[in-house]
Amino acid sequence: MDTSPLRLLHHYIYIVVCLLLASVIFYLPGSVSYTDSLLLASGAATQTGLNPIDLHRLHVVQQGVLWVVPMVTNVVFMHSLLVLIRLYWFRRRFRHAIRDAKALCRTQRQRLNQHLRDLVSQGAVQISRPTIPVARESEEQPLLENDAESSRKYQATTPHITFDDEHDPDSKPRHRSFSSAVSRRRSQSESGDVLHDANGSLPPLMWQASIASYSDWDEAQKEELGGIEYRALKTLLIILVGYFLAFHLLGIVLFVAWTMLSRRDDPVFSHLHVAPAWWAVFTAGSAFNDLGYTLTPDSLISFRTAAFPQLVMTFLIVVGNTGFPCMLRLIIWLLSKMSSYGSQLDEELQYLLNHPRRCFTLLFPSAETWRLAAVLLLLNAIDLIIFYSLQEIPSAPGIRFVNALFQIASTRTAGFSITALGQLHPAVQVSFMVMMYISAFPIAIAIRKTNVYEEKSLGIYHADEDTTTEGGEEENTAKPHANRGLTAHIQRQLGFDLWYVMLGFFLVAVAEGSRLQQHRDDLAFSLFPILFEIVSAYGTVGLSLGYPRTETSLCGEFSIISKLVVVAMQVRGRHRGLPHALDHAILLPVEEQGQGEWPWKRWLKRRGSNLSSFFHDSV
């Protein structure tokens, strides 16, 4: 079986290239060491946000890089890019389909015309006009005439570049009927399952002489060959682009409007070292991209009495990462309700809802989406109760609740601080560290549970694919039902992540060993704050207990080796939970699991066989 050219390695390469380019831009002005530049760039490219220096001291170009890099490396953009790549490969397959169809058509026509001439020369048949026109080599003729008589006599199929969905876990009976142009019924044949067109007619667009090359095709003709899946991917890409731009613009508009109305009365703006409008634009992008960087040296502590920006940022943080799959499915569902019944848009939206994991890595079936939303609410509620009950914040009850809500939302992914974390209750610090460690678990487990291919729950991670028994034989651990249990998924995820965290913690402890031994009374630079920093880096959250008399993360006190370890932890943590090639949303149209050739190739061979039968029946 052919495998997808898309690999987790390509995701690593993309992130690392963006990281290195950003680090060079940071280093060129000369105000930041290259190690700190690398740490800042990795924080931007992985949406971690641990800052070794005060960001307001950076040049505006450097700040602009911190705003742009997370946009092209965040979850929404990266997975949308995958949809664009799949559409590109669909179009590449169109070219092969046209080329092979024309080649087979020409070969069949030559063979049958030669057979006809042999029969005529032998006197076996006499014809007044040829059944199959003897055409020039350059002319393209259909394998079968596209008329009502041939359509009734011979059942024909329409080739579409698509996946075999017999074992698709997302496949379920549609609640709405598709139009005859795209509705299909499944038919068993010797060469495998083939999707049949309901009206039984051939796609004449593949044989029209006026469109002899791919460049002559219009988009409607490409959609006819690509089928409903190709159209659904195009619609999904439009939705994703709109999602990305709309929420960015929403945050910018709200923050700019708020700064214009509040900066005259709020003394905090007098202490800003940047223009309020730029602060608003940067903070809105940092919230949606779950970056955690701010242009104020104390994160959001200066704004702890302002409820509006905290509520807006809480919403952007959720829809930009942890709540993205839920919000995306909600938007698609709402659009399906607003679209005209039976229209093409309605069909495409229904396809996305019925086959979510075939089309997109972070679009889940309805039941799994509800479970994901419930888990997110439960985790946030637990953390909110712990924080609200144990931590005293000198504020009014209403603003205190808003502070707690914002801090809990930031703890999962964003890394903003509304209070000095080093002064929190120890139990709250531990709960924050646990939440940072499991921040990727709900979505990662949802991906694992829905990554089912041909009735097997395939492992997403390389370590899950095979194990070795005591006798040295390989044993496949991907059993159809055992791995679907929630407990099994959690155990695998815990074991997968834990040793990375412990390795990074050990390396930093070795690199900082002399300082830890010489300053045992320095509680701000002890093993627990270091572990907190490592977990924050691996979880790509960006929270830090900080260090006294500084406005930076604790990693700003690390040595060069320790900072490089933090960079490695951020890059590795950014890729946990991502699927490998064995995933519906990553497989390209070139793959047919368990099939030796493309559906349209089997269709062409069947058409040649039907043509031979037609000829022999005629004579």
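Quantities reported herein were computed from a predicted structural model and do not represent experimental measurements.

The rules behind each value
For every chain, the first residue of its written sequence is number 1, and the numbers climb from 1 along that sequence. Given that this is a predicted model, residues contribute local features only at a pLDDT of at least 70 and side-chain atom pairs are listed and counted only at 80 or more, while totals for whole chains, interfaces and linings are drawn from all residues. Side-chain calculation: all heavy atoms of the structure are included, whereas hydrogens and water are not. Only Phe, Tyr and Trp rings take part, Trp by its six-membered ring, and two of them pair if their centres are within 6.5 Å. Stacked means planes under 30 degrees apart, edge-to-face means over 60, and tilted covers everything else. For helices the rule is a DSSP run of H or I covering at least 4 residues; for strands it is a run of E covering at least 2, with both sets numbered from the N terminus onward. Burial classification: accessible surface area is computed with a 1.4 Å probe over protein chains only, and a residue below 20% of its type maximum counts as buried, one above 50% as exposed, and the rest as partly exposed. Charges are assigned to positions over rings by a cutoff of 6 Å between ring centre and Lys NZ or Arg CZ, combined with an angular limit of 35 degrees from the ring normal. UniProt positions are given in the numbering used here, feature names are shortened, and annotations may be inferred rather than shown by experiment. To count toward a patch, a residue needs a relative accessible area above 30% and no salt bridge. Like charges then connect within 9 Å, nonpolar side chains (Val, Leu, Ile, Met, Phe, Trp, Tyr) within 5 Å. For the accessible areas, the method is Shrake-Rupley and the probe is 1.4 Å, while residue cover comes only from the protein chains on display. Here, a salt bridge means any Lys or Arg side-chain nitrogen found within 4 Å of an Asp or Glu carboxyl oxygen. We call a set of buried Ala, Val, Leu, Ile, Met, Phe, Trp, Tyr and Cys residues a nonpolar core when their side-chain atoms join them within 4.5 Å. By definition, residues are in contact when any of their heavy atoms lie within 4.5 Å.

In total, this model carries 23 aromatic pairs according to the counting rule given. Relative to Phe247, the ring of Tyr243 has its centre 4.7 Å away and its plane inclined at 65°; by these criteria the two rings are edge-to-face. Of the two residues, Tyr243 and Phe247 are both situated in helix α6 (residues 219-262); the distance of four residues between them amounts to about one turn of the helix. By relative accessible area, which is 2% here, Tyr243 ends up buried. Classification of Phe247 by relative accessible area gives buried; the value is 12%. Between Phe525 and Phe558, the ring centres sit 6.0 Å apart and the planes meet at 85°, which makes this aromatic pair edge-to-face. Highlighted residues: Phe525 in the loop between α18 (513-518) and α19 (527-538) and Phe558 in the loop between α19 and α20 (560-574), separated in sequence by 33 residues. Considered together, Phe525 and Phe558 belong to a single accessibility category, that of buried residues. Through successive ring pairs, a cluster of aromatic residues spans Phe77, Tyr243, Phe244, Phe247, Phe288, Phe315, Phe324 and Phe360. Taking the ring centre of Tyr388 as reference, the NZ or CZ of Arg400 above it sits at 4.4 Å. In this structure, Arg515 is placed above the aromatic ring of Phe525, and the distance from its NZ or CZ to the ring centre is 3.9 Å.

The next point concerns the UniProt feature "transmembrane region" (unreviewed entry) in the protein chain. Following the UniProt record, the feature "transmembrane region" (unreviewed entry) maps to residues 12-30, 65-89, 236-257, 308-335, 370-390, 427-447, 494-511 and 523-545 here. In residues 12-30, the share of helix is 84% and the share of strand is 0%. The end C-alpha atoms are 28 Å apart. Along residues 523-545 the backbone is 52% helical and 0% strand, and the end-to-end C-alpha distance reaches 11 Å.

What follows deals with a nonpolar patch on the surface. A cluster of nonpolar side chains, namely Val16, Leu20, Val24, Tyr27, Leu28 and Tyr34, defines an oily patch on the protein surface of about 530 Å² accessible area. Assignment of secondary structure puts Tyr27 in helix α1 (residues 8-27). Overall, the relative accessible area of 43% leaves Tyr27 in the partly exposed class.

A few words now on unusual backbone geometry. Excluding glycine, a negative phi dihedral is what most residues carry, and trans is how most peptide bonds are arranged. The backbone of Asp290 shows a phi angle near 55°, a positive value even though the residue is not glycine. Inspection of the secondary structure puts Asp290 in the loop between α7 (276-288) and α8 (307-320). A relative accessible area of 2% places Asp290 in the buried class. A positive phi angle, close to 65°, is found at Arg549, a residue other than glycine. Structurally, Arg549 can be placed in the loop between α19 and α20.

On to the nonpolar core. Among the nonpolar cores identified, the biggest contains 125 residues, and Trp279, Phe324, Ile332, Phe360, Phe432 and Ile530 are the most heavily contacted of them. When residues in this core are grouped by element, the largest group, 14 residues, is from α6. Apart from the residues within four sequence positions on either side, Ile332 is in contact with Leu236, Ile239, Leu349, Leu352, Leu353 and Leu363.

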